[in-house]
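Listed below are the residues making up each chain.
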Amino acid sequence: MAVYMIVEVTEVSDKQKYAAYVQQVPPLVEKFGGRYLARGGEVTTLSGHWHPGRLVIIEFDTMDRFNAWWNSPEYRAIAPLRETSARTNAIVVQGV
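Only a predicted model underlies this, so the values are computations on that prediction, with no experimental measurement involved. (Residues numbered from 1 in each chain as written. Predicted model: local features only at pLDDT ≥ 70, side-chain atom pairs only at ≥ 80, totals over all residues. Heavy atoms only, no water.)

S.K.: Talk me through the nonpolar core; I want residue IDs and the actual numbers.
M.R.: Core analysis: the largest hydrophobic core is formed by 19 residues, its most contacted members being V25, F60, W69 and Y75. At the level of secondary structure, the elements contributing two or more residues to this core comprise β1 (3-12), α1 (15-31), β3 (54-60), α2 (63-70) and α3 (73-85). Here this core takes five residues from α1, the largest share from any one element. (Core = buried A, V, L, I, M, F, W, Y, C linked by side-chain atoms within 4.5 Å. Buried < 20%, exposed > 50% of the residue type's maximum accessible area, 1.4 Å probe, protein only. Helix = DSSP H or I, 4+ residues; strand = E, 2+ residues; numbered from the N terminus.)

Here is the structure:
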């Protein structure tokens, strides 16, 4: 069953470091079978008070593939670039 990682970027404190992260992540996502469905496009609020500035949605075929990517040494090596340069909220949800 497919899973979807949804990331809301709420603040970028170090644009250079965050840009380095953004540049390095896509090849790793692809290596583990993931694909971007949305990556920073325009967001329109339809209801409520949620006004994200930047959203990223990544699809993986299975939770196992997602976990293999998330826990891989390659991703763990670059994750600190995001963690120290931006504030984010992230979830992973199973599809139907």
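Having seen it, we continue.
S.K.: Could you give me a rundown of the environment of D14, with the residues and numbers involved?
M.R.: With respect to the secondary-structure elements, D14 resides in the loop between β1 and α1. Accessibility expressed as a relative area gives 29% for D14, which makes it partly exposed. Taking the C-alpha atoms as reference points, D14 and I78, separated by 64 residues in sequence, lie 15 Å from one another.

S.K.: Kindly report on the confidence of the model for the protein chain, identifying the contributing residues and their values.
M.R.: Low pLDDT means the predicted atomic positions in that stretch should not be read closely. Model confidence for the protein chain is summarised by a mean pLDDT of 96, while 100% of its residues fall at 70 or above. For the protein chain, β1 is the element with the lowest average pLDDT, namely 96, and α2 is the one with the highest, namely 98. (pLDDT = per-residue confidence, 0-100.)

S.K.: For the packing of aromatic side chains, give the residues involved together with the corresponding values.
M.R.: Under the defined criterion, the tally for this structure stands at nine aromatic pairs. Among the aromatic residues, those joined into a cluster by ring pairs are Y18, Y21, F60, F66, W69, W70 and Y75. (Phe/Tyr/Trp six-rings, centres within 6.5 Å; stacked < 30°, edge-to-face > 60°.)

S.K.: Break down the pattern of salt bridges for me, with residues and values.
M.R.: In this structure the tally under the stated criterion is five salt bridges. Across the salt bridge formed by E74 and K31, the nearest N and O atoms sit 2.5 Å from each other. Residue E74 is located in helix α3, and its partner K31 is located in helix α1; the two are separated by 43 residues in the primary sequence. E74 gets classed as partly exposed once you look at its relative accessible area, which sits at 30%. (Salt bridge = Lys/Arg side-chain N within 4 Å of Asp/Glu carboxyl O.)

S.K.: Outline α3, listing residues and values.
M.R.: A79 marks where α3 bends most, by close to 30 degrees; the proline P80 follows one to four residues later. Three or more residues of α3 are buried, namely Y75, I78, A79, R82 and S85. Tucked into the core, α3 has its buried residues touching β1, α1, α2 and β4 (86-94). (Bend = angle between axes of the 7 residues up to and from the residue. Contact = heavy atoms within 4.5 Å.)

S.K.: Break down the packing of α1 against α3 for me, with residues and values.
M.R.: The description of two helices packed together rests on the angle between their axes and the distance between the axes. Remark: α1 packs on α3, axes separated minimally by 9 Å, with the N-to-C direction vectors making an angle of 150 degrees. Remark: the crossing between α1 and α3 carries left-handed chirality. Side by side, α1 and α3 meet where K17, Y18, A20, Y21, Q24, V25, L28 and K31 of the first sit next to E74, Y75, I78, A79, L81, R82, T84 and S85 of the second. Among the residues forming the contact of α1 with α3, the class breakdown is nine nonpolar, three polar and four charged. (Axes fitted to C-alpha atoms, helices over the stretch in contact; angles between N-to-C directions. Left-handed = near helix turned anticlockwise from the far one by under 90°. Nonpolar A, V, L, I, M, F, W, Y, C, P; charged D, E, K, R; others polar.)

S.K.: Can you lay out the sheet that holds β4 for me, pointing to particular residues and giving the numbers?
M.R.: Strand pairing in a sheet relies on backbone hydrogen bonds. The paired strands run either parallel or antiparallel. Reading across the sheet, the four strands line up as β2-β3-β1-β4 and stay open at both edges, with antiparallel pairing between neighbours. Each of the sheet's edge strands pairs with one partner strand only, and the pair in question is β2 (35-39) and β4. Put simply, the sheet's adjacent strands are angled 20 degrees from each other on average, direction ignored. Sheet topology places β1 next to β4; nine bridges connect them, and they run antiparallel. Across the sheet, Y4 pairs through a bridge with V93, a residue of β4. Contacts from α2 reach β1, β3 and β4 within the one sheet, and its direction differs from that of β1 by about 40 degrees. Where α3 meets the sheet, its contacts fall on β1 and β4, and the angle it forms with β4 comes to roughly 120 degrees. (Pairing = 2+ DSSP bridges.)

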